[in-house]
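These are the residues of each chain, in order.
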Amino acid sequence: MVATVARSQVVNLGAAERQFGLDVMRATAALVVVLAHGMIYAAATIPALVLPGVILATVGVEIFFVLSGFLIAPGLFAVTEGRMTASRFWLRRAWRTLPSYYIFLAINLLIVAWFAHDRVPHISYGFFSQSLITPPTSVFFAESWSLAVEEWFYLSAAVAALLSFRFGGKTGAQFRLWLWLLVVLSPVMRAAWCVMQGYPWDSGLRKLTLFRLDAIAIGVLMAARVRDGISLAVARRCIVWGVALCALAIVYIAYVVSASRYLAPTAGFAAAFSGALALSAIGVGTALLLPAASMLQRPQQAKLIAGGVSHIALWSYALYLCHFPLLLLFDQFFPGLRAREPLSLLLGMGLWWVAVFAFAAIFYTQVERRFLVLRDRTMAQG
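So, here's what we can say about the structure.

Rules and cut-offs
Residues numbered from 1 in each chain as written. Predicted model: local features only at pLDDT ≥ 70, side-chain atom pairs only at ≥ 80, totals over all residues. Heavy atoms only, no water. Helix = DSSP H or I, 4+ residues; strand = E, 2+ residues; numbered from the N terminus. Buried < 20%, exposed > 50% of the residue type's maximum accessible area, 1.4 Å probe, protein only. Contact = heavy atoms within 4.5 Å. Expected span 1.5 Å × (residues − 1). Phe/Tyr/Trp six-rings, centres within 6.5 Å; stacked < 30°, edge-to-face > 60°. Lys NZ or Arg CZ within 6 Å of the ring centre and 35° of its normal. Axes fitted to C-alpha atoms, helices over the stretch in contact; angles between N-to-C directions. Parallel < 35°, antiparallel > 145°, perpendicular 65-115°, else oblique. Left-handed = near helix turned anticlockwise from the far one by under 90°. Core = buried A, V, L, I, M, F, W, Y, C linked by side-chain atoms within 4.5 Å. Polar contact = N/O pair within 3.5 Å; in protein donor to acceptor, adjacent residues only side chain to side chain. Patch = residues over 30% accessible without salt bridge, like charges linked within 9 Å, V, L, I, M, F, W, Y side chains within 5 Å. Areas by Shrake-Rupley, 256 points an atom, 1.4 Å probe, with all protein chains shown as cover. Salt bridge = Lys/Arg side-chain N within 4 Å of Asp/Glu carboxyl O.

Re the overall build of the protein chain
Counting its regular elements, the protein chain contains 13 helices and 2 strands. C-alpha extents for the protein chain along the principal axes are approximately 60 × 50 × 45 Å. With 382 residues in all, the protein chain has 53% of them scored as buried. Within the protein chain, residue pairs in contact and separated by at least 24 positions form 77% of the contacts whose partners lie at least 6 positions apart.

Notes on the environment of Leu 321
Here Leu 321 lies in helix α11 (residues 316–333). Distance from Leu 321 to Tyr 101, taken between C-alpha atoms, is 7.5 Å for residues 220 residues apart in sequence.

What to know about helix α5 (residues 173–197)
In this model α5 runs 35 Å from its N-terminal to its C-terminal C-alpha over 25 residues, within 8% of the 36 Å that 1.5 Å per residue would give. All buried positions along α5 are accounted for by Phe 175, Leu 179, Leu 182, Val 183, Ser 186, Pro 187, Arg 190, Ala 191 and Cys 194. Of the surrounding elements, those touching the buried residues of α5 are α2 (50–80), α4 (145–168), α6 (201–206), α7 (214–228) and α9 (269–295). Positive phi appears at Gly 198, one or two residues downstream of α5, with a value of about 70°.

Re the packing of aromatic side chains
For the structure shown, the criterion picks out 23 aromatic pairs. Relative to Phe 115, the ring of Trp 114 lies with its centre 5.5 Å away and its plane at 70°, an arrangement referred to as edge-to-face. In this structure Phe 115 comes out as buried when scored by relative accessible area, which is 15%. Taking NZ or CZ as reference, Arg 93 lies 4.9 Å from the ring centre of Tyr 154, over its face.

Overview of the packing of α2 against α7
Look at α2 against α7: their axes get within 6 Å of each other, and the N-to-C directions meet at 50°. It follows that α2 is oblique to α7 by the angle criterion. Our pair here, α2 against α7, has a crossing hand that is right-handed. Along the contact surface, α2 presents Glu 62, Phe 65, Val 66, Ser 68, Gly 69, Phe 70, Ala 73, Leu 76 and Phe 77, while α7 presents Ala 215, Ile 216, Gly 219, Val 220, Met 222, Ala 223, Ala 224, Val 226 and Arg 227.

Section: the environment of Ala 173
Tracing the backbone through its elements, the reader meets Ala 173 in helix α5. The exposure class of Ala 173 is partly exposed, given its relative accessible area of 42%. C-alpha of Ala 173 to C-alpha of Phe 330: the two residues are 157 residues apart in sequence and 50 Å apart in space.

Some details on the nonpolar core
In terms of nonpolar packing, the biggest core is built from 115 residues, with Leu 76 and Phe 153 touching the most fellow members. With 16 residues, α2 is the largest single contributor of residues to this core. Once you skip the residues sitting within four places of it in the chain, Phe 153 turns out to touch Ile 72, Leu 76, Ala 158, Trp 178, Leu 179, Leu 182, Leu 213, Ile 216, Ala 217 and Val 220.

What to know about the environment of Arg 176
With respect to the helices and strands, Arg 176 occurs in helix α5. Overall, Arg 176 belongs to the partly exposed group, its relative accessible area being 29%. For the pair formed by Arg 176 and Gly 285, sequence separation is 109 residues and the distance between their alpha carbons is 19 Å. Apart from the residues within four sequence positions on either side, Arg 176 is in contact with Leu 221, Ala 224 and Asp 228. Among the polar contacts listed, one links the side chain of Arg 176 to the side chain of Asp 228, at a separation of 3.5 Å.

Let's talk about the side chain of Ser 131
Take Ser 131: it is sitting in the loop between α3 (86–114) and α4. For Ser 131, the side chain forms a polar contact with the main-chain oxygen of Lys 207, separated by 3.4 Å. If we skip the residues at most four places from it in the chain, Ser 131 touches Pro 136, Trp 145, Lys 207, Leu 208 and Thr 209.

Quick word on a nonpolar patch on the surface
A surface patch of nonpolar side chains, amounting to about 580 Å² of accessible area, comprises Trp 90, Leu 91, Leu 155, Val 159, Leu 163 and Phe 167. Looking at the nonpolar patch, the elements with two or more residues in it are α3 and α4. Among the elements that make up the nonpolar patch, the one with the highest residue count is α4 (4 residues). Assignment of secondary structure puts Phe 167 in helix α4.

Observations regarding the pattern of salt bridges
Summed over all chains, the structure comprises 10 salt bridges. For the salt bridge of Arg 176 with Asp 228, the shortest nitrogen-to-oxygen distance reads 3.5 Å. Taken together, the residues Arg 176 in helix α5 and Asp 228 in helix α7 connect sequence positions 52 residues apart. A cluster of three or more residues bridged by salt bridges with shared partners is formed by Glu 81, Arg 83 and Arg 227.

Below, the structure written as structure tokens:
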């Protein structure tokens, strides 16, 4: 976990307590993704929702990627310095992510067997290989593409950190070099691959696992920079640059969607590379917001709102996993959604939001948190 000394002029990384500003970003990303997928669904009734829905979905996932890299960075630094084994780092991440993933993989399989027969599953989803270098052939568990990026980054970063320690000592220089190579080369590689294979903008540039590891690497690099110390003044300037980069990228993505290029094959390397850079720009822009977010203190005058933000942040993984299966269930069994009449649709979407939050809260407290306790107990014994 990441911590900062917010009362001083310098941000430092290392302690384990939660940071309210980072919770704000995590909660925002979760809400944005759920809202985006609801808007994309509702766009069949209200076409104007397509553009904001796609933009929000894209931005929300990129925030998740960068924040994930920022938060796991202390563990990777510990591996590069010999304070933690690579296997321990990976096992901690596996305990955190895999149980919930496989539970929802089973839930999605049950939904397919029950009524969603067009969502053909594949064994590759069990190994996070559904979209390594080619788009998946089915819409089954479509949101899992981002989880595949996370899992492959955890594994490859653990190996890179270990090799850096073994062959470069405790400086971590080789590990940082690997991160920089990912950030610099990945946009070129995914653009070239997308053009060569004729893949669409969305499933090609955004969702191919091995070409998206740079999104998380950006967060780790920012954590490395923060670890070295960033003044409050610099953190504030970073906000301006971060917002500007994100705004430029959003404008470009809006153009791509408006021109009906989002689901179409990329038209040449220049267009593909521009799209790849737009995704990187959202990542870098988000990363530039993290130092200031790390300094943000929990407000004492708005405890109810602050508590809500912190709870949503805790439930964010469950929210990400449960919202789409629940949308499928509502689409199948709630008449208001299928009627495609605006008022009925609005009512149905409101009930869906309630169901999503209720399910996520219950799943976190009754399942996810229990696995975390079991992880800590098991690894403490090891």
